[in-house]
Amino acid sequence: MYKMIDSISHIRLLDELAQKESTIHKIHPLAKVLTTLVYLLTIASFGRYEIGGLLPHIIYPILIFAFGELPVAPILKRVLIVEPVIIGIGILNPLFDRYMVAFGGIAISRGWVTFLSIFTKCGLTIIASLLLVATTEIDKLAFALRMLRIPKIFVLQLLLTYRYISVLLEEVYKMQRAYFLRAPGHKGIHRHVWGSFAGHLVLRTFERAQRVYQSMSLRGFNGEYNTGTIPNIAIRDVVYMAGWSLFFILARIFNIPNLLGSMFIGVINR
Amino acid sequence: MHMADALISPVVGGTMLIAAAGVAAYSIKKTQFDLDEKKIPLMGVMGAFVFAAQMINFSIPGTGSSGHLGGGMLLAILLGPYAGFLTLASILLIQALFFGDGGLLAFGCNVFNLGFYTCFIAYPFIYKWFTRKGINSKRIFGASMASAIIGLQMGAFSVVLETLLSGKTELPFGTFVLMMQPIHLAIGAVEGLVTSAVVSFVWKARPEIIEKTAAGKAFGNISMKKVLSGLLIAVVLVGGVLSWFASSNPDGLEWSMFKTAGKAELDTPGGIHETLSDIQDRTTLLPDYDFKANEESDSEIKATEESEWPSVNPGTSVSGIVGGTLTLALAALMGLIASMIKKWKRKATA
């Protein structure tokens, strides 16, 4: 039950955040989608043992949070909800790779290094996706997908699914609440009513789809989806995308923390 | 069963993304023949239905715990394989973007693992086979159970392969398979039970919904061989090209190839036995294991992996730690400055 309320409020929160008008929100959606993809690709391309090299990539979410005027806590909370899944798989690494390595005078098993690497990557990649949707409205995102030549049917269907998720979540929530009020102490839906509980929802969904179609037809729907006006790509958008991409790629090629560290130590020793 | 971006390499993610895009493009082409614009809202709202239905707790008799619906099979049965596949793909995209379940790079993997096997293998070859002589409650039960279990088993195995080929975890093939398959057998059984209950109910209440989809011959006169061989060629080609590009920077791919190839004989019964006893060794003799492993395979590990492990000498690791701290401090400072600029600007405009 809690999960459902949480999902509904999470979607609403992202919806509201996406409607802000900050510097980041004003960037062309395509530029933001492509930047996110380069970010994810460079992170995924880091090796298993990399932690230090990943750190400069943290600058991206920090700046997007700041310039996008986004609240940090609710987005980080979402990351914390998902991380345990990754921890579940990653935590086995220290069990399987017990080869010891020295790191700054401390000996740790290499499995912990890979675990930490996965943990960091997981956090950064999830934040990147969430920041994309927190700074881009779904309609604009759909527009960007269309620009990337994703077929109309898929994009339209994606938008409809997104639109109706909160409607159906609320419906399921009401049904479950009604059920549990009549069956106190039950942990879940009893198997005798599995079929009718979810089945009724299927039937209602089919009927709802029919009504949705009818009302769409009355408003002149002919299979085309109109996204409204989205300005063309400006120089600002190109600079945004190219600047970030260049930074991600440079941070991937050069180990910036190592360079900084040796510079720092070099200066001190002198 | 969602794969995450943190667990895959760009080569595996890219290859699977292209494979999934190929299947999606084919599905779109197929749906266009029998898809009136009426079906688009249906697909959309059904996607939302599955998303919401995944959150229903079904109590599992005799266990005291509750299970959930995945919905891949249900979508294939209610909407047909093509529309079902596309609907599932859109659900997965929303989950990846808005909820961090799975990821954008892993999107292809997830669509394939959860959508392809259910809609394009389990549905046409298992579900349709069970219901070939017409539909009744018993056949719906058998068909749903078998197709849900087999679909999930294939998906789970696919997760294992993708994870190992990406080389981000240390899990040995045998152990991972032994972990994933039995868990997904249980999950598949719940999925099958719920799916069959729902399909039976819908069939009794509105038989035309099920019969209409069942009558729309899932594969008509399209040869499945063509689809599969096309897909295989695409995967090999794309994977080959991508890994060629990546080879200048082998992020564990070579290692994983070695590891999976080295463990290939695990498929034989002896291999599984070996793995099992290996696990037992590890759990019972954990303190000894460290030394044993180091003595036995130290040289081997060094020989195969030394080049991969960044050269570790105290000097570089100290500068790494100092530099890492500096980077984080710098990042925090940049964030602070950025938010100060923002505040200052807001004040200026107010």
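Residues numbered from 1 in each chain as written. Chains lettered and ligands numbered in written order. Predicted model: local features only at pLDDT ≥ 70, side-chain atom pairs only at ≥ 80, totals over all residues.

Enquirer: A description of the overall build of chain A should follow, citing residues and the corresponding values.
Expert: Each helix and strand in chain A was counted, giving 12 helices and 2 strands. The secondary structure elements of chain A, listed N-terminal to C-terminal, are α-α-α-α-α-α-β-β-α-α-α-α-α-α. Against the compact-globule benchmark of 18 Å for 270 residues, chain A has a radius of gyration of 24 Å, which places it well outside the compact range. Viewed in the frame of its principal axes, chain A has a C-alpha envelope of about 75 × 55 × 30 Å. Within chain A, the proportion of its 270 residues that are buried is 44%. Expressed as a percentage of contacts within chain A between residues at least 6 apart in sequence, the contacts between residues at least 24 apart total 78%. (Helix = DSSP H or I, 4+ residues; strand = E, 2+ residues; numbered from the N terminus. Rg over C-alpha atoms; globule rule 2.2 N^0.38 Å. Buried ≥ 20, exposed ≤ 12 C-beta atoms within 10 Å, placed from the backbone. Contact = placed C-beta atoms within 7 Å.)

Enquirer: Break down the overall build of chain B for me, citing the residues and quoting the values.
Expert: Secondary structure summary: chain B contains 13 helices and 2 strands in total. A fraction of 79% describes how many contacts in chain B between residues 6 or more apart in sequence connect residues 24 or more apart.

Enquirer: An account of the interface of chain B and chain A is needed here, citing residue identities and associated values.
Expert: Where the parts come together, the accessible area they lose is often given as the size of the interface. Contacts between the two partners involve 91 residues from chain B and, on the opposite side, 102 residues from chain A. For the side of chain B that touches chain A, the secondary structure elements donating two or more residues are α1 (10-34), α2 (39-53), β1 (58-59), α4 (81-99), α7 (173-205), α12 (286-305) and α13 (314-349) of chain B. A total of 19 residues in the side of chain B that touches chain A trace back to one element, the largest contributor, which is α13 of chain B. Among the residues forming the side of chain B that touches chain A, the class breakdown is 55 nonpolar, 26 polar and 10 charged. (Nonpolar A, V, L, I, M, F, W, Y, C, P; charged D, E, K, R; others polar.)

Enquirer: How would you summarise helix α11 (residues 235-253) of chain A if you had to cite specific residues and measurements?
Expert: All names here are of chain A. Its 19 residues place the ends of α11 27 Å apart at the C-alpha level, agreeing with the 27 Å of an ideal helix rising 1.5 Å per residue. Regarding α11, the residues found buried are D237, M241, W244, F248, A251 and R252. All buried residues of α11 fall inside an arc of 110° around its axis, so they share one side. In α11, those exposed residues whose orientation departs by more than 90 degrees from the buried face are I235, V238, V239, G243, L246, L250 and I253. (Expected span 1.5 Å × (residues − 1). Arc of directions from axis to C-beta.)

Enquirer: Give a detailed account of helix α3 (residues 29-45) of chain A, specifying residues and quantitative values.
Expert: Here α3 of chain A contains 17 residues, and its C-alpha end-to-end distance of 24 Å stays within 8% of the 24 Å for a straight helix at 1.5 Å per residue. Burial within α3 of chain A is extensive, with 13 of its 17 residues counted as buried.

Enquirer: Outline the packing of helix α6 (residues 137-166) of chain B against α7 of chain B, supporting the account with residue identities and numerical values.
Expert: Residues and elements named next belong to chain B. Packing of α6 against α7 brings their axes to within 7 Å, and their N-to-C directions diverge by 150°. Overall, the two elements α6 and α7 adopt an arrangement that is roughly antiparallel. Along this stretch, α6 crosses α7, giving a crossing that reads as right-handed. Class assignment of the residues belonging to the contact of α6 with α7 gives a composition of 20 nonpolar, 11 polar and 1 charged. (Axes fitted to C-alpha atoms, helices over the stretch in contact; angles between N-to-C directions. Parallel < 35°, antiparallel > 145°, perpendicular 65-115°, else oblique. Left-handed = near helix turned anticlockwise from the far one by under 90°.)

Enquirer: Tell me about the environment of Y162 of chain A, and name the residues and values.
Expert: Among the secondary structure elements, Y162 of chain A is positioned in helix α9 (residues 152-182). The exposure class of Y162 of chain A is buried, given the 26 C-beta atoms found within 10 Å. For the pair formed by Y162 of chain A and V33 of chain A, sequence separation is 129 residues and the distance between their alpha carbons is 18 Å. Residues in contact with Y162 of chain A, not counting those within four places in the same chain, are I138 of chain A together with I94 of chain B.

Enquirer: Before we move on, can you summarise the confidence of the model for chain B with the specific residues and values?
Expert: All names here are of chain B. Put simply, chain B has an average pLDDT of 76, and 71% of its residues get 70 or more. Segment residues 247-273 is flagged for pLDDT under 50; beyond a separation of four residues in sequence, or across chains, it makes 39 contacts in the model. This model gives residues 279-308 a pLDDT under 50, and the stretch forms 9 contacts once residues within four places in sequence are excluded. Both scores are given for the predicted complex: the pTM is 0.81, the ipTM 0.90. (pLDDT = per-residue confidence, 0-100.)

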